[in-house]
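Survey of secondary and tertiary structure
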Amino acid sequence: MQNKGIIKVFTIVFGLVCIYQLSFSFIAGKIERDAEAFAEQRIAASEENYAKKREALEDHYLDSIGEKEMFLGITYNSAKEKELNKGLDLKGGINVTLQVSVEDILRSLSNDSKDPAFNKALSMANEMQKDSQKDYVDLFFEAFESTGGKLASPDIFANKSLSDEINFDMTNDEVKPVIRKKIDNAVLSAFEILRQRIDKFGVTQPDIQRLGSSGRIMVELPGAKDIERIKNLLQSTAELEFWHVYKAGELQPFLAQANSLLKKLEESKEQPETKKDSISSEEGDLEELLTEVDDTLETEKNPLFDLIVQPGFQSGPVIATFNIEDTAKVNSYLQNPKIRQLLPADKKYVDFAWGKTPDKSETIDLYAIKGNREQEAPLSGNVIVDATQTYDQMGRVAVSMQMNGKGARIWEEMTRKAYEEGSQIAIVLDNVVYSAPGVSTGAISGGRSEITGDFNIEEGQDLANVLNAGRLPASADIIQSAIVGPSLGQAAIESGTISFVLALVLVFIFMIFYYGKAGLFADIALLVNILFIFGILAGLGAVLTLPGIAGIVLTIGMAVDANVIIFERIREELRKGKSQVDSMRQGFKGALPAIIDANITTALAGIILLVFGTGPIKGFATTLLIGLATSVFTSIFVTQLLTDSFLHNGKKLTYATSITKNWFRNVKVDFLGRRKYFYWGSGIFLLIGTISVFTQGLDFGVDFLGGRTYVVKFDHDVNASEVEDKLIADFGSIDAKTYGQNNQLKIVTKYRIDDTGENVEKEIQQKLYGSLKGYLPADMTFDEFGIGGNTSDKNIGLLQTTKVGPTIADDIKQSSVWAIMGALIMIFLYILLRFKKWQYSLGGVIALFHDAWFIIVCFSLFYKIMPFSLEIDQAFIAAILTIIGYSINDTVIIYDRVREYLNEGHPSWTMKQTINDALSSTLSRSINTSLTVLIVLLAIFLFGGESIRGFMFALLIGILTGVYSTLFVASGITYDTMKGKEGDEKKKVEA
């Protein structure tokens, strides 16, 4: 082997670099285990708030030794920054896709235009977006064009704020690029603001990305535990405003009048008649009568006053205090047009707002803000130049703010007015009144102010964080989310580790059993390959996910493929009587084109996965592509270094054992002669499956339909059908299935899927908790039911939640179709380029269609009877693309051998004999590589965890059908399409 010294040095140096990169992970892991032991020694599991206390102790330990040198200048903090990143499914945490509201941006650019054409176009765009994958701004432009309106109208975009870029004479086509640029800048601003908020949040290894030009931003925070806090941090627009407020005494006459009018409105409703002759001796009739009487008496109550828990003080800013559960009803009363007509002329612009609710409080305060015609606050948060979490004079958590010069002048005027009138100023963040302090010392100069309220230190820090980062240019709704509890992440690590080790051991044993000492060299190369994969992942800062582990384990099986190709070629050369050294060199040289072709076609599918996939699928694609590259290097160069060194000492290497040395020797099978039987067999099965697809359908997951998924664990086995019946009464359409163990359920629902408010998720989880309460421990609270809430060893309750909005579900479907079509087209073109004949490409692509559809029909036929989920989701698409890559790998090996035979020139061979001999001579390779991959996949399928079991099932079917289609479909199609062009079977074939 040429340049053997360079390759040896590179392998050693690169191996040491990988060990160095992985050392950070070992050091960080060791210190974190020490922190866990430190916490366990100092707190009993039975203590109240055990989880939070333990977490606090662990954080204290890690903070105390964060900058202490541990090994060769490496500290815990530096090791943590460079360790191998674990994904959401291994570490727990949250992954969300935020949709920055382009509608809000358009309204802001138009100065909240009231133009009928503008608002009609926005409404039309909202409807069109439900069934379209186009960007919202493009849909808006389409809708606006249909109204015949002019974008450069002074009532729309030709306003004062845009006067430097848009004038009245511009056409719609001239305005559009300006608006697109403004929107892109706004989304970029939102991205930067979110990044600043996240950077200050303190989560290690956060990941935030813009997703194209759609206005979507993906945020992943592995290891994050306070989920609600994070969601509030991400979705808060941080729109800070300062308003004058009315005193309670100023609004009391209005409230009295409102209560009286509401009472009259209730009394005017048609009342049920209660005549004596309607009284019956029947018990049911008597109950109905009593109900009617109760309904009648209900109208005699005070609709508004009866809801007040505590009235406000005459001179205070709180109008009244209500129960939180009554806020919707109070809002409906105060927003009623008939009620608002009761407001005096000098108070007609009053805007009612709720205060901030303290933790675990059941009541909330109502304020009356002094609005104006434009409803613009006298002072807004854009004047804040610095915000810091501090404490007020009473020792309560507060946020101190410093304003710029302009803000300081306005603030001084506002505080002077409040002092003179003895009134208060409300500090409002995102329509919530945080505090409404009075001014007792005269006008406040210098621009310093303070927000106080019933919030804890973390909330104070978050508030200061968002104020420093600035307000979002538009609202950001969570349209897709995945939340994984730490216990589920730990289970995933354990199952992934088991599957990884088991697969590795089985492959090691098989290679030594079949190839003897040569197999041992392949195993050593495989260990080097694994070191390279993990080292590169750590060095690139890539994220390791459970599908990523599956990708590495699959790479183990596929890495052996190159060694099998090489060893089989060497065995062929040995059978020809060549020497050990010559056979080895010729074997490596002859196998190289097949190895490169096979890995490139698989890599094409991996690239498509990387481009079109999201989240865990990208993790799978990343490890697959890295694994393919390292596998080629280690199989060709490391294995050759080992065998060359062994043979250099004059030792004998047989590349087989006494048991396997004659296996598949002199095999001659007439594959093409039987091809029509297999055509018919495949055709009949696929026809039955196709009928099933169109009648029984497929089990589409939330990735394609939209919806919410909850994984819930109970402390005892539960009946999925019984629980589903219970949930249907509360949620309507819902599906509950056993998920792995009999005490775990996967619950899927589309209930309120279009709602994106901040409190919607919590409300739905509370509803789920209420529905499942009969199956949970009697003393389990809602907080304990939530992710990470239960601290017992059993980890009962909610383990994982996922949400996919209907719009993003449509996008996932479209991208999945493009991914599969793109992979097939790229593979077709590559085979055409390499083999120069379209018949090869056609045979290969038809075989791939066969494999993909075979998997789909199997999922349709068996999803109702299998004891595990066979959902059609993004993981399924990843499986299809992986099989496309692997199956064409098999096919290309055959095509390479056919090309080799044609180039060698066998005058007496017909095309049929050429293809049959190519298939027969590579049969041992096809079986051995498929067997090693099947061993690996079976290990992952059995021990890799419930979340990827359907994915593994698809791969198992795909590997089997891939071998089948290579032998009996691809080769047959290629032969049948070449017969007419190449001549009769009896004619000689020229190279």
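My aim in this report is to walk through the structure given alongside it, one point at a time. Note that the coordinates shown come from a computational prediction; the quantities given were computed from them, not determined experimentally.

**Points about the overall build of the protein**
Counting its regular elements, the protein contains 31 helices and 23 strands. Here the protein, with 991 residues, has 52% of them falling under the buried criterion. Relative to all contacts within the protein whose residues are 6 or more apart in sequence, the contacts with residues 24 or more apart total 74%. Carbon and sulfur atoms make up 55% of the accessible area of the protein, which totals about 45,600 Å².

**Examining the environment of Lys864**
Inspection of the secondary structure puts Lys864 in the loop between α27 (838-862) and α28 (874-904). Overall, the relative accessible area of 56% leaves Lys864 in the exposed class. For the pair formed by Lys864 and Asp699, sequence separation is 165 residues and the distance between their alpha carbons is 8.6 Å.

**Quick word on unusual backbone geometry**
One non-glycine residue, Asn111, lies in the positive phi region at around 55°. Tracing the backbone shows Asn111 in the loop between α5 (102-109) and α6 (116-129). Residue Asn111 is classed as partly exposed on the basis of its relative accessible area of 47%. Although it is not a glycine, Asp112 adopts a positive phi angle of roughly 55°. Here Asp112 is to be found in the loop between α5 and α6.

**Comments concerning the pattern of salt bridges**
Note that side chains of opposite charge can pair when their charged atoms are close. Under the counting rule described, the total for this entry stands at 18 salt bridges. Close ionic contact of Lys114 with Asp112 constitutes a salt bridge, the shortest N to O distance being 3.5 Å. Through salt bridges with shared partners, one network takes in Glu32, Lys80 and Glu83.

**Section: the environment of Lys837**
Checked against the element boundaries, Lys837 lands in the loop between α26 (806-835) and α27. Remark: the alpha-carbon pair of Lys837 and Thr974, spanning 137 residues in sequence, is separated by 9.7 Å.

**Overview of a nonpolar patch on the surface**
Together, Ile607, Leu610, Val611, Phe612, Val817, Trp818, Met821, Ile825, Leu829, Leu832, Trp838 and Phe849 line one region of the surface with nonpolar side chains, adding up to about 1,100 Å² of accessible area. Those elements that provide at least two residues to the nonpolar patch are α19 (580-612), α26 and α27. Examining the composition of the nonpolar patch, we find that six residues originate from one element, α26, more than from any other. You can see Phe612 is positioned in helix α19.

**Quick look at helix α7 (residues 136-147)**
Helix length check: α7 (12 residues) gives 17 Å between terminal C-alpha atoms against 16 Å at 1.5 Å per residue, within 8%. Taken as a whole, α7 has its buried residues at Tyr136, Val137, Leu139, Phe140, Phe141, Ala143 and Phe144. Directly after α7, the chain includes Gly148, whose backbone phi takes a positive value near 75°.

**Some remarks on the sheet that holds strand β13 (residues 384-391)**
Pairing within the open sheet is antiparallel, and its three strands lie in the order β13-β14-β17. Where the open sheet ends on each side, the last strands, each with one partner, are β13 and β17 (448-452). Averaged over all neighbouring strand pairs, the angle between strand axes comes to 25°, with direction disregarded. Inspection of the sheet shows strand β14 (residues 397-403) paired to β17 by five bridges, in the antiparallel sense. Bridging across to β17, Ala398 finds its partner in Thr452.

**As for the sheet that holds strand β10 (residues 351-355)**
With mixed pairing, the eight strands of this open sheet are ordered in space as β8-β9-β11-β10-β16-β15-β7-β12. With partners counted over all chains shown, the strands left at the sheet margins are β8 (308-311) and β12 (379-380), one partner each. Pairing of strand β9 (residues 318-323) with strand β11 (residues 363-369) involves five bridges; the strand directions are antiparallel. Paired with Phe322 across the bridge in β11 is Ile364. In the packing of helix α10 (residues 248-267) onto the sheet, the strands contacted are β9, β10 and β11, and the crossing angle to β9 comes to about 60°.

**Digging into the packing of aromatic side chains**
Per the counting criterion, the structure on display carries 28 aromatic pairs. Where Phe510 meets Tyr514, the ring centres are 6.0 Å apart and the plane angle is 25°; that geometry is what we call stacked. Note that Phe510 and Tyr514 are positioned in helix α16 (residues 486-515) at a spacing of four residues, about one turn of the helix. By relative accessible area, Tyr514 is classed as buried at 1%.

**Description of α27**
Across its 25 residues, α27 extends 36 Å between first and last C-alpha, which sits within 8% of the 36 Å expected from 1.5 Å per residue. Here α27 lies mainly inside the structure; 18 of its 25 residues are buried.

**Looking at the nonpolar core**
The biggest cluster of nonpolar side chains holds 130 residues, and the ones touching the most others in it are Met511, Phe567, Phe859 and Leu881. In contact with Phe567, not counting residues within four places along its chain, are Met511, Tyr515, Ala518, Gly519, Ala522, Thr639 and Tyr655. Leu122, Phe140, Ala152 and Ile217 belong to the second largest nonpolar core, which has 48 residues in total.

**Description of the packing of helix α1 (residues 4-42) against helix α17 (residues 517-540)**
Where α1 contacts α17, the axes come no closer than 8 Å and their chain directions differ by 55°. Comparing the axis directions of α1 and α17 gives the class oblique. Considering how the two elements wind past one another, α1 and α17 form a crossing that is left-handed. In contact with Thr11, Phe14, Gly15, Cys18, Ile19, Gln21 and Leu22 of α1, α17 contributes Val528, Leu531, Phe532, Phe534, Gly535, Ile536, Ala538 and Gly539. Among the residues forming the contact of α1 with α17, the class breakdown is 10 nonpolar, five polar and no charged.

Conventions adopted
Residues numbered from 1 in each chain as written. Predicted model: local features only at pLDDT ≥ 70, side-chain atom pairs only at ≥ 80, totals over all residues. Heavy atoms only, no water. Helix = DSSP H or I, 4+ residues; strand = E, 2+ residues; numbered from the N terminus. Buried < 20%, exposed > 50% of the residue type's maximum accessible area, 1.4 Å probe, protein only. Contact = heavy atoms within 4.5 Å. Areas by Shrake-Rupley, 256 points an atom, 1.4 Å probe, with all protein chains shown as cover. Salt bridge = Lys/Arg side-chain N within 4 Å of Asp/Glu carboxyl O. Patch = residues over 30% accessible without salt bridge, like charges linked within 9 Å, V, L, I, M, F, W, Y side chains within 5 Å. Expected span 1.5 Å × (residues − 1). Pairing = 2+ DSSP bridges. Axes fitted to C-alpha atoms, helices over the stretch in contact; angles between N-to-C directions. Phe/Tyr/Trp six-rings, centres within 6.5 Å; stacked < 30°, edge-to-face > 60°. Core = buried A, V, L, I, M, F, W, Y, C linked by side-chain atoms within 4.5 Å. Parallel < 35°, antiparallel > 145°, perpendicular 65-115°, else oblique. Left-handed = near helix turned anticlockwise from the far one by under 90°. Nonpolar A, V, L, I, M, F, W, Y, C, P; charged D, E, K, R; others polar.

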